[in-house]
Every structure is written in C-alpha cells, then in structure tokens.
Amino acid sequence: KQQLVYHFEPPEANSWQSEDGKPIYIEVKTTNGPMESEFYISDYELAASRHFGDRYRLYRVYDFENGPKVQVIKGCLDPLLPVAKTYSIKINKK
C-alpha cells in the first residue's frame with residue numbers, strides 16, 4: 001500500500017481547521033470561464049481527496065476575469081469524475 005504524503009503549511013496555525021479541530025486540506029482550481037468549465041486535476045490531487053475524505057476541500061474559483069466567484073466542494077472528488085469511454089495505453093518494451 002502506497003502512503004500518501006501531502007504537505008501543507010497554512011499561514012496561521014489555526015487557520016485551516018474543521019469544526020472538530022482537525023486540519024483540512026485545500027486545493028484551489030481557477031478558470032476564467034463559468035463554473036461548468038473543465039479543469040485538470042492530477043492523480044495525486046484525486047488521491048488526496050480520497051485519502052482525506054471530509055477533511056479535503058476543493059476551492060473552485062471561476063469567472064476570474066469578470067469578478068471571481070468561489071464554490072467549495074467538500075470531500076472525495078470521485079463523484080465529479082466523468083466515466084471514461086476510451087483509455088490510452090502504452091506498452092513498454094521488455
């Protein structure tokens with residue numbers, strides 16, 4: 001089992017705590033388009049959302065150029081992922 005290491009240092013020690021006093025882990029994604037605009041997340045970011053569960057937050061900043069708006073998504077990002085219809089495969093030579 002691979003251990004997930006996610007380093008995050010908030011600007012103030014108590015700035016990023018949930019209601020129960022446990023730390024929360026924040027990712028920010030920004031686009032100039034509407035909320036529905038696609039954006040990329042890495043495998044690592046997805047793994048962090050799975051690992052930290054309800055302590056993970058995605059701050060979705062959109063319409064950035066016209067007056068930014070923010071939506072906070074709490075928890076694992078799996079429900080937001082589209083179902084892949086095709087896959088890219090690379091076979092390495094032995």
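As a reminder, the structure under discussion sits directly above these lines.
Summary of the structure given here. (Residues numbered from 1 in each chain as written. Predicted model: local features only at pLDDT ≥ 70, side-chain atom pairs only at ≥ 80, totals over all residues. Heavy atoms only, no water.)

Turning our attention to the overall build of the chain. The helix and strand inventory of the chain stands at one helix and three strands. The order of helices and strands in the chain, counted from the N terminus, is β-α-β-β. Relative to its 94 residues, the chain shows a buried fraction of 27%. Put simply, of all contacts in the chain between residues at least 6 apart along the chain, 51% involve residues at least 24 apart. When the accessible area of the chain is evaluated, it comes to approximately 7,800 Å², of which 52% is carbon and sulfur surface. (Helix = DSSP H or I, 4+ residues; strand = E, 2+ residues; numbered from the N terminus. Buried < 20%, exposed > 50% of the residue type's maximum accessible area, 1.4 Å probe, protein only. Contact = heavy atoms within 4.5 Å. Areas by Shrake-Rupley, 256 points an atom, 1.4 Å probe, with all protein chains shown as cover.)

What follows covers the pairing of strand E3 (residues 69-74). Direction of pairing for strand E2 (residues 56-62) relative to E3: antiparallel, over a ladder of six bridges. Directly across from Tyr59, in E3, lies its bridge partner Val72. The turn linking E2 back onto E3 is made up of six residues, and Asp63 within it adopts a positive phi angle of 55°. (Pairing = 2+ DSSP bridges.)

Turning our attention to the nonpolar core. A general feature of soluble globular proteins is that nonpolar side chains tend to end up buried together. If you look at the biggest cluster of nonpolar residues, it comprises eight residues: Tyr25, Leu46, Ala48, Phe52, Tyr56, Leu58, Ile73 and Leu77. Listing elements by their share of this core, those giving two or more residues are helix H1 (43-52) and E2. (Core = buried A, V, L, I, M, F, W, Y, C linked by side-chain atoms within 4.5 Å.)

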